[in-house]
Amino acid sequence: MAEFWSSLVAFFERLSGQFPIVFQALNSGFLQTLKLFAVTLLGAIPLGLIIAFGSMSRFAPLKGLTRFVVWIVRGSPLMIQLLIVYYFPGMVLKNNWWGSGETGRFLAASFAFIINYACYFSEIYRSGIQAVPVGQQEAGQVLGLTGGQIFFRVKLLQMIKHIVPPMTNEIITLVKDTSLARIIALQEVIWAGQAFMKGRSGISGELWPLFFTAVYYLVFSGLLTVLFSRLEKKLSYFRT
Amino acid sequence: MAYFEVNGVSKSFGSNRVLRGVDFSMEKGEVVSIIGSSGSGKTTLLRCITQLEQADEGRILVEGEPVFDAAETKRLSKEEKRRRQLNFGLVFQQFNLFPQYSVLDNLMLAPRLRAKKEPDFSKRREELLAEIKEKARAILEQVGLTEKAKQYPCELSGGQQQRVAIARALMLSPKILCFDEPTSALDPELTGEVLQVLKNLAKEHITMMIVTHEMKFAREVSDKVVFMADGVIAEEGDPETLFQNPRSPRLKAFLANTTL
């Protein structure tokens, strides 16, 4: 028992010595994680809407093509998509248009994440659009509203109410999915934590920094959960 | 010349010919009930009149002015179509209130958006919006829902929601107010309050066209009853004659199956 306590004390002594260095490294890694998260949302939220309209198009070839792409993207692992996006230009086309270094990796990762999440979002949007009863459109029409007025004044808020819960889910998944960018060596928080195993800033063979990265994800997804449940509550004053 | 006229209106969905040349007219201030079994084309006729559907053939006139002509609709601008559509109001079976707006805002949404098209809107903004609010309050009082103005549709009973829907349709002062089975989605104990509102409107000589299954109501309130079968008007007349002495075997059979 005494042995257990002394080794535990020794571990925490070591940890407290290493913590400032590790904390700083993980913070800068998490900044990269946040950047990828933000860029993905900024790109995928509008792109998803375009894809949603494509998959509901009355023009059959466009609808077919869109649904085919959505199937490919949703049906294959994001990790493989990351690898293909990053390595295909350089290895197959002999022209690595992403550029070298961290910037190149970030561009490629952003591209893959935006496409992947836009496809998921598009299906959520589609369900939201189709959930608004046709009677809402017709009521707007007989009251002499224009198409734009019906979309923005009547349907949009009802759609948003429908899609907030599934979007929350998807966005929290995105927080954790950003870690997949590790596969192309993007220097996000997992990469930063793992570096202390191999050796960095005089620390090597340490596993705890990697474990500690989970705290970052927990705190951030906790914040998002609070934020989105507030939004959901705000929209709960009406029922569709 | 009748106040409102429907001439030779036909409509098909694919190979299903739902309306087969409907001719019909009514005078200002009249209440006309349209009865008939399901599938007879009543609702489709109402949807063609209110232009939620485009009839394939025929013309519709209000005060002698064409508001729909199957031969020329493609050439009309969207705004012109909307302007013509506003000759009619429509109250739906499922109410179709806008759930995110309060009762008062449901009433005011369309008039406010229409008011923006007034040439002097920017100058008289306050005045116009105040007029709309005043009108909304007056109409709410008319349907007995003054105290519900700030509530949302989900907080109201079905009967109250339908009364709001009627009030919303009245806001744009349509020349002809159409009802598509206004009490069919209601619990039986709630139909009375909606029918009472319709009776009050009839007393004020609002021109109304009501598709209904409420035979007792049709008989009490209507100036004229129209019986539809297989996409045409099979019989029409004043309610007493029509219900007491139906001529066509179709109407006899229909009335025999309906409880008065």
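Above this text you will find the structure in question.
Residues numbered from 1 in each chain as written. Chains lettered and ligands numbered in written order. Predicted model: local features only at pLDDT ≥ 70, side-chain atom pairs only at ≥ 80, totals over all residues. Heavy atoms only, no water.

**Student:** Where do I start with the side chain of Gln 81 of chain A in this structure?
**Tutor:** All names here are of chain A. Among the secondary structure elements, Gln 81 is positioned in helix H3 (residues 78-91). Here Ser 76 takes part through its side chain, which lies 2.9 Å from a polar atom of the side chain of Gln 81. Apart from the residues within four sequence positions on either side, Gln 81 is in contact with Ile 72, Val 73, Ser 76, Ala 112 and Asn 116. (Helix = DSSP H or I, 4+ residues; strand = E, 2+ residues; numbered from the N terminus. Polar contact = N/O pair within 3.5 Å; in protein donor to acceptor, adjacent residues only side chain to side chain. Contact = heavy atoms within 4.5 Å.)

**Student:** I would appreciate a short explanation of helix H4 (residues 121-142) of chain B in the present structure.
**Tutor:** Because each turn of an α-helix spans 3.6 residues, side chains separated by three or four positions end up pointing in the same direction. All names here are of chain B. Along H4, the helix axis deviates most sharply at Glu 127, where the bend reaches about 40°. Of the residues making up H4, those classed as buried are Phe 121, Leu 128, Leu 129, Ile 132, Ala 136, Ile 139 and Leu 140. In the core, the buried residues of H4 are packed alongside helix H3 (103-115) and helix H5 (158-170). Count one or two residues on from H4 and you reach Gly 144, which has phi positive near 75°. (Bend = angle between axes of the 7 residues up to and from the residue. Buried < 20%, exposed > 50% of the residue type's maximum accessible area, 1.4 Å probe, protein only.)

**Student:** Any chance you could explain the packing of helix H1 (residues 2-55) of chain A against helix H6 (residues 147-177) of chain A here in plain terms?
**Tutor:** When two helices pack together, their arrangement is captured by the angle between the axes and the distance separating the axes. Residues and elements named next belong to chain A. In the contact formed by H1 and H6, the axes pass within 10 Å of each other and the chain directions differ by 140°. Between H1 and H6, the angle falls in the class oblique. The interaxial crossing formed by H1 with H6 has right-handed handedness. Here H1 contributes Phe 37, Thr 40, Leu 41 and Ile 45 to the contact with H6, which in turn contributes Met 167, Ile 171, Leu 174 and Val 175. A breakdown of the residues in the contact of H1 with H6 according to their chemical character gives seven nonpolar, one polar and no charged. (Axes fitted to C-alpha atoms, helices over the stretch in contact; angles between N-to-C directions. Parallel < 35°, antiparallel > 145°, perpendicular 65-115°, else oblique. Left-handed = near helix turned anticlockwise from the far one by under 90°. Nonpolar A, V, L, I, M, F, W, Y, C, P; charged D, E, K, R; others polar.)

**Student:** What's the story with the sheet that holds strand S4 (residues 57-62) of chain B in this structure? I'm lost.
**Tutor:** Sheet strands line up and pair through hydrogen bonds in the backbone, either parallel or antiparallel. All names here are of chain B. Within the open sheet, the four strands sit side by side as S2-S1-S4-S5. Their pairing is antiparallel. If you trace the sheet from one side to the other, it starts and ends with strand S2 (16-26) and strand S5 (65-69), each paired once. Neighbour to neighbour, the strand axes of the sheet diverge by 20° on average, direction disregarded. As paired elements, strand S1 (residues 4-13) and S4 share five bridges and run antiparallel to each other. Each bridged residue has a counterpart across the sheet, and for Ser 10 the counterpart in S4 is Glu 57. Sheet strands in contact with helix H1 (residues 42-49) are S1, S2 and S4, and its direction is about 115° off that of S1. (Pairing = 2+ DSSP bridges.)

**Student:** Even after reading the chapter, I still don't get the pattern of salt bridges, so can you show me in this structure?
**Tutor:** Think of it this way: side chains of opposite charge can pair up when their charged atoms draw near. Going through the model one piece at a time under the given rule, you end up with 25 salt bridges over all chains. Between Arg 74 of chain A and Glu 123 of chain A there is a salt bridge; the shortest N-O distance is 3.9 Å. In this pair, Arg 74 of chain A sits in helix H2 (residues 60-75) while Glu 123 of chain A sits in helix H4 (residues 101-131), placing the two residues 49 residues apart along the sequence. For Arg 74 of chain A, a relative accessible area of 37% gives the class partly exposed. Put simply, Glu 72, Glu 80, Arg 83 and Arg 84 of chain B are held in one network by salt bridges that share partners. (Salt bridge = Lys/Arg side-chain N within 4 Å of Asp/Glu carboxyl O.)

**Student:** Quick question: what am I supposed to make of the sheet that holds strand S10 (residues 232-237) of chain B here?
**Tutor:** Residue and element names in this part refer to chain B. Strand order in the open sheet formed by six strands is S6-S7-S8-S3-S9-S10, and the pairing between neighbours is mixed. Since the sheet does not close on itself, it has two edges, and those belong to strand S6 (88-91) and S10, each with one partner. The sheet shows a mean angle of 20° between the axes of neighbouring strands, direction not considered. Sheet strands in contact with helix H6 (residues 188-203) are strand S3 (31-35), strand S7 (176-180) and strand S8 (208-211), and its direction is about 150° off that of S8.

**Student:** Could you clarify how one ought to interpret the packing of H4 of chain A against H6 of chain A in this entry?
**Tutor:** All names here are of chain A. Their axes nearest at 8 Å, the elements H4 and H6 cross at an angle of 160°. Classified by the interaxial angle, the pair formed by H4 and H6 is roughly antiparallel. As H4 runs across H6, the sense of the crossing is right-handed. From H4, Phe 113, Tyr 117, Tyr 120, Phe 121, Ile 124, Tyr 125, Gly 128, Ile 129 and Ala 131 reach across to H6, where they touch Met 159, His 162, Ile 163, Pro 166, Met 167, Glu 170, Ile 171, Thr 173, Leu 174 and Asp 177.

**Student:** How do you make sense of the side chain of Thr 191 of chain B when you look at a structure like this?
**Tutor:** All names here are of chain B. Position of Thr 191 among the secondary structure elements: in helix H6. A distance of 3.0 Å separates a polar side-chain atom of Thr 191 from the backbone oxygen of Pro 188. Setting aside chain neighbours within four positions, we find Thr 191 in contact with Thr 183, Leu 186 and Glu 214.

**Student:** Explain a nonpolar patch on the surface here, please?
**Tutor:** On the surface, a nonpolar cluster with roughly 820 Å² of combined accessible area is contributed by Ile 80, Ile 84, Tyr 87, Phe 88, Met 91, Val 92, Leu 93 and Trp 97 of chain A. Within the fold, Trp 97 of chain A resides in the loop between H3 and H4. (Patch = residues over 30% accessible without salt bridge, like charges linked within 9 Å, V, L, I, M, F, W, Y side chains within 5 Å. Areas by Shrake-Rupley, 256 points an atom, 1.4 Å probe, with all protein chains shown as cover.)

**Student:** Looking at this structure, I do not really get the interface of chain B and chain A. What am I missing?
**Tutor:** How big an interface is tends to be expressed through the accessible area that disappears when the partners come together. Counting residues at the interface gives 25 residues for chain B and 20 residues for chain A. Summed over both sides, the interface of chain B with chain A buries roughly 2100 Å², with 61% coming from carbon and sulfur. Where chain B packs against chain A, one counts one salt bridge. The salt bridge involving Glu 138 of chain A is made with Arg 47 of chain B; its shortest N-O contact spans 2.6 Å. Only helix H2 (78-85), S6 and H3 of chain B provide two or more residues apiece to the side of chain B that touches chain A. Among the elements that take part in the side of chain B that touches chain A, H3 of chain B stands out by supplying four residues, more than any other. For the side of chain B that touches chain A, the class distribution of residues is 15 nonpolar, four polar and six charged. (Buried area = accessible area lost by both parts, 1.4 Å probe.)

**Student:** Would you mind going over the packing of aromatic side chains with me for this structure?
**Tutor:** One pair of aromatic rings is described through two measures. These are the centre distance and the angle between the planes. Residue and element names in this part refer to chain A. Across all of its chains, the model carries 25 aromatic pairs over all chains by this definition. Here Phe 68 and Trp 71 contribute two aromatic rings whose centre-to-centre distance is 5.8 Å and whose plane-to-plane angle is 45°, an arrangement assigned as tilted. Here Trp 71 and Phe 68 lie together in helix H2, a separation of three residues that amounts to about one turn. Residue Trp 71 is classed as exposed on the basis of its relative accessible area of 57%. (Phe/Tyr/Trp six-rings, centres within 6.5 Å; stacked < 30°, edge-to-face > 60°.)

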